[in-house]
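Residue strings, one per chain:
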Amino acid sequence: MTQIDFYVLNQATAIARFHYACRLSEKALNQGHHIAITLDNKEHAQTLSDYLWSFKPESFLPHSLQDAEGSSSDEESPNHKSKQAPIALLWGEDNEKHHDILINLGNKIPEGFSRYQRTFEIVIQEDECLKTTRSHFQFYRERGYPLKSHTVG
């Protein structure tokens, strides 16, 4: 059964949420995981893509942008060739290519979240995000998913 983790930040900005998604992605990538990050639309995905390029000056998190039809545009360095980037930024419906870790930055719970070993929700102290993630928490709890909450200072 999918483990659901809520990371509760004490900040209220969307960029703090993106920054923490990058931190989680970097940690998971260093442990050999593949990560899917769901967002509400292509514009949010492009913003996060730009942030993944500049997250740390000394590193780059290889990723691709993938829409509902599964078409992608790799955002990998020219010297790094692989069949599939280890981080997929998704909007629309899940393309079912990743089954390891899901980071949900969208307003709705992705339909295929239960295929993942772990799902991460990142909470910021902004009214709309709090409302949405509380709703997500209730959804998971009602269905019996194991839940963990982490307060991030």
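Because the structure is a prediction, the values reported are computed rather than measured.

What counts as what
- Residues numbered from 1 in each chain as written.
- Predicted model: local features only at pLDDT ≥ 70, side-chain atom pairs only at ≥ 80, totals over all residues.
- Heavy atoms only, no water.
- Helix = DSSP H or I, 4+ residues; strand = E, 2+ residues; numbered from the N terminus.
- Buried < 20%, exposed > 50% of the residue type's maximum accessible area, 1.4 Å probe, protein only.
- Phe/Tyr/Trp six-rings, centres within 6.5 Å; stacked < 30°, edge-to-face > 60°.
- Salt bridge = Lys/Arg side-chain N within 4 Å of Asp/Glu carboxyl O.
- Expected span 1.5 Å × (residues − 1).
- Arc of directions from axis to C-beta.
- Contact = heavy atoms within 4.5 Å.
- Polar contact = N/O pair within 3.5 Å; in protein donor to acceptor, adjacent residues only side chain to side chain.
- pLDDT = per-residue confidence, 0-100.
- Pairing = 2+ DSSP bridges.

Draft legend 1. Structural detail: the overall build of the chain. Scanning the chain from terminus to terminus reveals 3 helices and 8 strands. Expressed as a percentage of its 153 residues, the buried residues of the chain come to 48%.

Draft legend 2. Fine view of the packing of aromatic side chains. This model, assessed by the stated rule, comprises 10 aromatic pairs. Between F113 and F139 the ring centres are 6.0 Å apart and the planes differ by 70°, which places this aromatic pair in the edge-to-face class. Taken together, the positions of F113 in the loop between β6 (101-104) and β7 (118-123) and F139 in helix α3 (residues 127-142) put the pair 26 residues apart, joining distant regions of the chain. Relative accessible area serves as the criterion here: at 25%, F139 is assigned to the partly exposed category. Residues F139 and Y140 carry aromatic rings whose centres are separated by 5.8 Å and whose planes lie at 75° to one another, so their mutual orientation is edge-to-face.

Draft legend 3. Representation of the pattern of salt bridges within the structure. Using the criterion set out here, one finds 3 salt bridges in the structure. Across the pair K56 and E26 runs a salt bridge, and its minimum N-O distance is 3.0 Å. Of this pair, K56 sits in the loop between α2 (42-54) and β3 (63-66) while E26 is found in helix α1 (residues 14-30), placing the two residues 30 residues apart along the sequence. A relative accessible area of 15% means that E26 is categorised as buried. Between R143 and E142 there is a salt bridge, with its nearest N and O atoms 3.7 Å apart.

Draft legend 4. Focus on α3. Taking 1.5 Å per residue, 16 residues should reach 22 Å; α3 reaches 23 Å between its end C-alpha atoms and fits that length. Three or more residues of α3 are buried, namely C129, L130, T132, T133, H136 and Y140. Projected down its long axis, α3 shows its buried positions confined to an angular sector of 165°, all on one face. Exposed and facing more than 90 degrees away from the buried side of α3 are D127, K131, R134, R141 and E142. Check the buried side of α3 and you find it contacts β1 (3-9), α1, β6, β7 and β8 (147-152). A distance of 3.1 Å separates the backbone nitrogen of E128 from a side-chain oxygen at the start of α3, and that oxygen is part of E126.

Draft legend 5. Quick look at the confidence of the model for the chain. Mean pLDDT over the chain works out to 88, with 87% of the residues at or above the 70 mark. A low-confidence stretch, residues 74-82 stays under pLDDT 50, and its non-local contacts, those more than four residues away or across chains, total 18 contacts.

Draft legend 6. Broad picture of the pairing of β6. Alternating positions in β6 separate into two faces, I101 and I103 on one and L102 and N104 on the other, with burial throughout. Across 4 bridges, the pairing between strand β2 (residues 35-38) and β6 is parallel. What sits directly across from I37, in β6, is I103. The sheet contact formed by β6 and β7 spans 4 bridges and is parallel. If you follow L102 over to β7, its bridge partner there is T119.

Draft legend 7. Quick peek at the environment of T38. Secondary-structure assignment places T38 in strand β2. Classification of T38 by relative accessible area gives buried; the value is 8%. Once residues within four sequence positions are removed from consideration, T38 is found in contact with L90, L102, I103, N104, L105, G106 and P110.

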